[in-house]
Amino acid sequence: FVFFLCNLSLVSAAASKNKVKGSQGQFPLTQNVTVVEGGTAILTCRVDQNDNTSLQWSNPAQQTLYFDDKKALRDNRIELVRASWHELSISVSDVSLSDEGQYTCSLFTMPVKTSKAYLTVLGVPEKPQISGFSSPVMEGDLMQLTCKTSGSKPAADIRWFKNDKEIKDVKYLKEEDANRKTFTVSSTLDFRVDRSDDGVAVICRVDHESLNATPQVAMQVLEIHYTPSVKIIPSTPFPQEGQPLILTCESKGKPLPEPVLWTKDGGELPDPDRMVVSGRELNILFLNKTDNGTYRCEATNTIGQSSAEYVLIVHDVPNTLLPTTIIPSLTTATVTTTVAITTSPTTSATTSSIRDPNALAGQTGPDHALIGGIVAVVVFVTLCSIFLLGRYLARHKGTYLTNEAKGAEDAPDADTAIINAEGSQVNAEEKKEYFI
């Protein structure tokens, strides 16, 4: 190595003796370089015009790396890329943080001209880790999650996301590592959980210029335990007598409540043969008025208990109204009768105060027997009236004469006519009686 340095000195001296006046105005040109830790850095030094003057690269410790195309430092990571009178380029592979610093390109003129290039090495942040989660968490508890990453240079940025929505209100802490070159960054997220957070993915994202726009992420899926929520869903909004009914108890909770408990009016189901419980469903095979009442579904898990109620009122089956009836008569008169009678169902005293929220107001059916009886009475009265009216008109049809008229045919005056009339009655062989 000492021999090589002596040769470098002789070459430098020879180059100085052979320089021309035009080289006095030339300067080497370099550029700063930024590389990610573990990557490869290319250091380039150029001279627009050169009179065969030598170029040299040296490291921050002023150790010669290359003199023209001759390698001076035994470091397998350093290689020659290009060497000519106008350019000297070298590469440094597997760059570490210790390689960071100011490198010098020298043009051996008299005096020697130099140009500086600063090599910046970016520290890649480690994969982040989320701590502070213990499963499961009870609804309403305060949760504190911490995301941490080390080895970033410069310090990395940490962002929080919940359901793809960024959370801004977080705490941020930056600490310098022991090597005094990289940083450890942590961020803390505080929030109170509810049942909507169950199964939600909370994401911690680390952004850094060394990651080439591909951030590192850590994810924590939340598990929240909460009391059941219960709702009863009927299979029909208008239950009717004789029809089946299914009441479904929709219960949600974590842990999942199973099974559910069905009761009626605070007690057990009265008719197990017709009221069949299958899982969360209560199936009443065919309804009758005795099924009226309040049905309760109760769900329980390890966290708590909840229930829901459904008030059942069984309605009569609605009947169709009778159409208009036209009854012909023996006379020219026509009687048209339209009857629409609404009957109200009779309810017992125990169920009269129950109101079904699903009942339709005013929906009752007519009584066919009562309607038929009224129509028969109306028809009978009408026919009797027509018959009596005809009989009356028939008996009063004809001409009626007074006593004067009866004897006036052969009498010259009124007195004679009266005498003739009375006489004719006396001499009459038979008497006739008229009933009016």
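Looking at an unreviewed UniProt entry, one finds the chain named Cell adhesion molecule 2 and attributed to Microcebus murinus. Checking UniProt for the chain, the heading Function (unreviewed entry) contains the comment "Adhesion molecule that engages in homo- and heterophilic interactions with the other nectin-like family members, leading to cell aggregation. Important for synapse organization, providing regulated trans-synaptic adhesion. Preferentially binds to oligodendrocytes." In its Sequence similarities (unreviewed entry) section, the UniProt record describing the chain reads: "Belongs to the nectin family."

(A) Region of interest: the overall build of the chain. The helix and strand tally for the chain stands at 4 helices and 27 strands. Scored against the burial criterion, the 436 residues of the chain give a buried share of 33%.

(B) Seen up close, the UniProt feature "transmembrane region" (unreviewed entry) in the chain. With numbering aligned to this structure, UniProt lists the feature "transmembrane region" (unreviewed entry) at residues 369-389. For the annotated span residues 369-389, helix accounts for 100% and strand for 0% of the residues, and the straight-line distance between the end C-alpha atoms is 31 Å.

(C) Highlighting a nonpolar patch on the surface. The grouping of Val276, Leu285 and Phe286 at the surface amounts to a nonpolar patch, some 250 Å² of accessible area in total. Examined against the element boundaries, Leu285 turns out to sit in the loop between strand E23 (281-284) and strand E24 (293-300). For Leu285, a relative accessible area of 39% puts it in the partly exposed group.

(D) Structural view of the packing of aromatic side chains. Per the stated rule, a full pass over the model turns up 1 aromatic pair. Stacked on the ring of Phe27, the Lys or Arg Lys113 has its end atom at 5.4 Å from the ring centre. Between the NZ or CZ atom of Lys174 and the centre of the ring of Phe183, over which it lies, the distance is 5.4 Å.

Parameters at a glance
Residues numbered from 1 in each chain as written. Predicted model: local features only at pLDDT ≥ 70, side-chain atom pairs only at ≥ 80, totals over all residues. Heavy atoms only, no water. UniProt positions renumbered as here; feature names shortened; annotations may be inferred. Helix = DSSP H or I, 4+ residues; strand = E, 2+ residues; numbered from the N terminus. Buried < 20%, exposed > 50% of the residue type's maximum accessible area, 1.4 Å probe, protein only. Patch = residues over 30% accessible without salt bridge, like charges linked within 9 Å, V, L, I, M, F, W, Y side chains within 5 Å. Areas by Shrake-Rupley, 256 points an atom, 1.4 Å probe, with all protein chains shown as cover. Salt bridge = Lys/Arg side-chain N within 4 Å of Asp/Glu carboxyl O. Phe/Tyr/Trp six-rings, centres within 6.5 Å; stacked < 30°, edge-to-face > 60°. Lys NZ or Arg CZ within 6 Å of the ring centre and 35° of its normal.

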